[in-house]
Amino acid sequence: MANINIRIDDSLKKDADAIFANIGMTASTAINLFYKQVVRTHSIPFDLIADIPNELTVEAIEEGRKIARNGKAGYNSISALKEALDL
């Protein structure tokens, strides 16, 4: 048997332990199940989905990249920037 030491947020552990207890298992059993599924499937046994930025955020990222490439901001005055920001 091997021991694993991990650090986890107290609140997360408490919440997960309550769920494990409700279905009749310990955290150790749950972690063993996770490891067995990883070995069996050669993958993480759940979907890993990245946060997808909304349209406004994508536009801001693209604008930042354009500024970084060109070395200058897209506004030639503070008032033009404020107008674009609806201030």
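Placed above this text is the structure.
Residues numbered from 1 in each chain as written. Predicted model: local features only at pLDDT ≥ 70, side-chain atom pairs only at ≥ 80, totals over all residues. Heavy atoms only, no water.

### Focus: the pattern of salt bridges
Any two side chains of opposite charge can pair, so long as their charged atoms come close to each other. Condition: For this analysis, a salt bridge means a side-chain nitrogen from Lys or Arg found within 4 Å of a carboxyl oxygen belonging to Asp or Glu. Elements are defined by DSSP. Helices are runs of H or I of four residues or more, strands are runs of E of two residues or more, and each kind is numbered from the N terminus. Only protein chains enter the accessibility calculation, which uses a 1.4 Å probe; a residue whose area is less than 20% of its type maximum is buried, one above 50% is exposed, and one in between is partly exposed.
Tallied over the entire structure, the rule returns two salt bridges. With a shortest N-O distance of 2.4 Å, K13 and D17 are connected by a salt bridge. In this pair, K13 and D17 are both assigned in helix 1 (residues 10-22), four residues apart and thus about one turn of the helix distant. Across the salt bridge formed by R65 and E62, the nearest N and O atoms sit 3.1 Å from each other. Residue R65 and its partner E62 are located together in helix 3 (residues 55-70), separated by three residues, close to a single helical turn. Residue classification places R65 among the partly exposed residues on the basis of a relative accessible area of 46%. By relative accessible area, E62 is classed as partly exposed at 40%.

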